[in-house]
Structures are given as structure tokens and as C-alpha cells.
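# Close look at the chain arrangement
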Amino acid sequence: MSLDQATVRRIASLAHIRVEEHEVENLRQELNGILGWIEQLNEVDVTGIAPLTGASGMALAMRTDVVSDGGYAEKVLSNAPERLGDFYVVPKVVE
């Protein structure tokens, strides 16, 4: 399938995209390239392969819900201007 300039203008109009006259030919070439890739994909034999309609039928990998500090407090606090133990020291905001 090959698009002509009138079709490109119509697509741009339907998509509410302003396309200047000097951009139409470049856009036509790009769209034709995309359609060429789609035609190549249509040539792939997919007989016997069930379509993937979504991931809702798959079970998610579960992990134990454990609260931790990450185990690398020194790395996190290495750039702190001032610290007290494993905590940042910040100026008092409310009196």
C-alpha cells in the first residue's frame, strides 16, 4: 500500500495535526515506510500461536513483604551536610 499526498493531508486533518505544504512529501515517505514494515509483519506465519490478549491471566511473581531500611545507610547519608547516627539533621521549621 502506498499513500499519496492527498491521503496524507486527509490523515493529518483527521488527526488534527497541522502539516505545512513543504512537510507533506517527507511525511508521505515516512508513513509509506511504516506501512512497509507492517506489510513485512503480515508475512510472518503465526498459525498455531494463540494471540496475547493481555497479562491479566498471568500470575505475578510474589515476594515476602518485609520492611527494611535497605541496608545501605552509609551510602545514603554520605552526602548529608550534618547527621546524627543514621539520620539527617535538618533545621527546625516549626516553633
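Thresholds, definitions, all that
Residues numbered from 1 in each chain as written. Predicted model: local features only at pLDDT ≥ 70, side-chain atom pairs only at ≥ 80, totals over all residues. Heavy atoms only, no water. Axes fitted to C-alpha atoms, helices over the stretch in contact; angles between N-to-C directions. Helix = DSSP H or I, 4+ residues; strand = E, 2+ residues; numbered from the N terminus. Parallel < 35°, antiparallel > 145°, perpendicular 65-115°, else oblique. Contact = heavy atoms within 4.5 Å. Nonpolar A, V, L, I, M, F, W, Y, C, P; charged D, E, K, R; others polar. Buried < 20%, exposed > 50% of the residue type's maximum accessible area, 1.4 Å probe, protein only. Salt bridge = Lys/Arg side-chain N within 4 Å of Asp/Glu carboxyl O.

### A look at the packing of helix H1 (residues 5-14) against helix H2 (residues 24-42)
Relative to each other, H1 and H2 sit at 90 degrees, their axes nearing to 9 Å. The pairing of H1 with H2 is recorded here as roughly perpendicular in orientation. Of the residues in H2, those in contact with Gln5, Val8 and Arg9 of H1 are Val24, Glu25, Leu27, Arg28 and Leu31. A breakdown of the residues in the contact of H1 with H2 according to their chemical character gives four nonpolar, one polar and three charged.

### Observations regarding the environment of Phe87
As for its placement among the helices and strands, Phe87 is situated in strand S2 (residues 87-88). Under the relative-accessibility criterion, Phe87 is labelled exposed at 61%. Linking Phe87 and Arg10, residues 77 residues apart in sequence, is a C-alpha distance of 61 Å. Filtering out sequence-adjacent residues up to four positions away, Phe87 remains in contact with Leu77 and Glu82.

### Looking at the pattern of salt bridges
Per the stated rule, a full pass over the model turns up four salt bridges. Of the charged contacts in the structure, one is a salt bridge between Glu21 and Arg9, with a shortest N-O distance of 2.7 Å. You can see Glu21 sitting in the loop between H1 and H2 and its partner Arg9 sitting in helix H1, a full twelve residues away along the chain. With a shortest N-O distance of 2.7 Å, Arg28 and Glu25 are connected by a salt bridge. Remark: Glu25 and Arg28 occur in helix H2; sequence separation between them is three residues, near one turn of the helix. Within this structure, Glu74, Arg83 and Asp86 form a network of salt bridges that share partners.

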